[in-house]
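Observations on the three-dimensional arrangement
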Amino acid sequence: MSLVVVPVRYPLSKRSKRTLERAIEIAREREAALTVLHVDLYQNGRKVTRVDLKTAVERTFGHLENARYVVRTGFLVEESILDEVAAEEADAVVIGSQQASRLRRLFRRFTDNPDIDQYLRSHLECEVITVEGARA
């Protein structure tokens, strides 16, 4: 079964809801599993649980079939997203347009090829789907 990963903020922002809505559509179209990912930043000292995340998502979208909820802790949101995509061998990651530009800036630090879409496709076999007007 293929996998779609969608990083979101907690509590869910309007833009996160828009990104999540699109990810749910894509997962259904592809008959894929869905991983809803939230990254707790070490420096913020806040602890969001999987139950918190699941409750917020289900309050907005109802019960989602084939969905799992993951909370990672890290220093950089973008790095944690890439770690999750690689670890789960995701087929697609759905991100807001602002998150996409942050990922591109991060990539420029590590490689002379800022084309994250191409990099992820070739190295992780993962498609990046950007939701315009959505941040994360």
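Residues numbered from 1 in each chain as written. Predicted model: local features only at pLDDT ≥ 70, side-chain atom pairs only at ≥ 80, totals over all residues. Heavy atoms only, no water.

An unreviewed UniProt entry annotates the protein as Universal stress protein originating from Haloterrigena gelatinilytica.

Here we look at the overall build of the protein
To be explicit about the condition: Counting from the N terminus, the helices are the DSSP runs of H or I reaching at least four residues and the strands are the DSSP runs of E reaching at least two. We compute the radius of gyration from the C-alpha atoms alone; for a globule the expected value is 2.2 Å times N to the 0.38, where N is the number of residues.
The secondary structure content of the protein amounts to five helices and five strands. Beginning at the N terminus, the succession of helices and strands in the protein can be written as β-α-β-α-β-α-β-α-α-β. Here the C-alpha radius of gyration of the protein, 14 Å, is about what a compact globule of 136 residues would show, namely 14 Å. Expressed as lengths along the three principal axes of its C-alpha atoms, the size of the protein is roughly 40 × 35 × 30 Å.

Points about the pattern of salt bridges
What counts, and what does not: Here a salt bridge means any side-chain nitrogen of Lys or Arg lying within 4 Å of a carboxyl oxygen belonging to Asp or Glu.
This structure, assessed with the given rule, holds seven salt bridges. Two residues, glutamate 25 and arginine 22, come together in a salt bridge whose shortest N-O distance is 3.1 Å. Here arginine 22 and glutamate 25 lie together in helix H1 (residues 14-30), a separation of three residues that amounts to about one turn. Notably, a salt bridge pairs lysine 54 with glutamate 58, separated by 4.0 Å at the nearest N-O pair.

Points about helix H2 (residues 50-61)
Heads up, the rule is: Take the residue count of a helix, subtract one, and multiply by 1.5 Å to get its expected span. Summary of the burial criterion: residues with accessible area below 20% of their type's maximum are buried, those above 50% are exposed, and those between are partly exposed, where the area comes from a 1.4 Å probe applied to protein chains only. Working definition: the arc comes from the directions between the helix axis and the C-beta atoms, pointing outward to the latter.
Helix length check: H2, at 12 residues, gives a terminal C-alpha distance of 16 Å against a target of 16 Å (1.5 Å per residue), a fit within 8%. Leu53, Ala56 and Val57 are the residues of H2 that are buried. Within H2, the buried residues cover an arc of 95° as seen down the axis, which keeps them to one side. Turned more than 90 degrees away from the buried face of H2 sit Val51 and Arg59, all of them exposed.

What to know about the packing of H1 against H2
When two helices pack together, their arrangement is captured by the angle between the axes and the distance separating the axes. The test is simple: Every angle, taken between N-to-C directions, lies between 0 and 180 degrees, and every axis is a line fitted to C-alpha atoms, over only the stretch in contact when it is a helix. Orientation labels follow simple angle bins: below 35 degrees gives roughly parallel, above 145 gives roughly antiparallel, 65 to 115 gives roughly perpendicular, and whatever is left gives oblique. By definition, residues are in contact when any of their heavy atoms lie within 4.5 Å.
H2 packs onto H1 with a crossing angle of 75° between their chain directions and a minimal axis gap of 12 Å. Considered as vectors, H1 and H2 are oriented roughly perpendicular to each other. Contacts from Lys17, Leu20, Glu21 and Ile24 of H1 reach H2 at Val57, Thr60 and Phe61.

Here's the deal with a nonpolar patch on the surface
We count it as follows: Nonpolar side chains (Val, Leu, Ile, Met, Phe, Trp, Tyr) are joined into patches within 5 Å and like charges within 9 Å, using only residues with over 30% relative accessible area and no salt bridge. In these tables, accessible area is a Shrake-Rupley quantity obtained with a 1.4 Å probe, and a residue counts as shielded only by the protein chains included in the view.
The grouping of Tyr42, Phe75 and Leu76 at the surface amounts to a nonpolar patch, some 330 Å² of accessible area in total. By the element assignment, tyrosine 42 lies in the loop between strand S2 (33-41) and H2. Tyrosine 42 sits in the partly exposed class, given a relative accessible area of 47%.

Structural notes on unusual backbone geometry
Note that the residue after tyrosine 10, namely proline 11, is joined by a cis bond; omega there is -5°. Inspection of the secondary structure puts proline 11 in the loop between strand S1 (3-7) and H1. Unusually for a residue other than glycine, glutamate 31 sits at a positive phi of about 50°. Residue classification places glutamate 31 among the exposed positions, given a relative accessible area of 64%. Unlike most non-glycine residues, glutamate 89 shows phi in positive territory, near 50°. Position of glutamate 89 relative to the elements: it lies in the loop between helix H3 (77-88) and strand S4 (92-96). We classify glutamate 89 as exposed; its relative accessible area is 66%.

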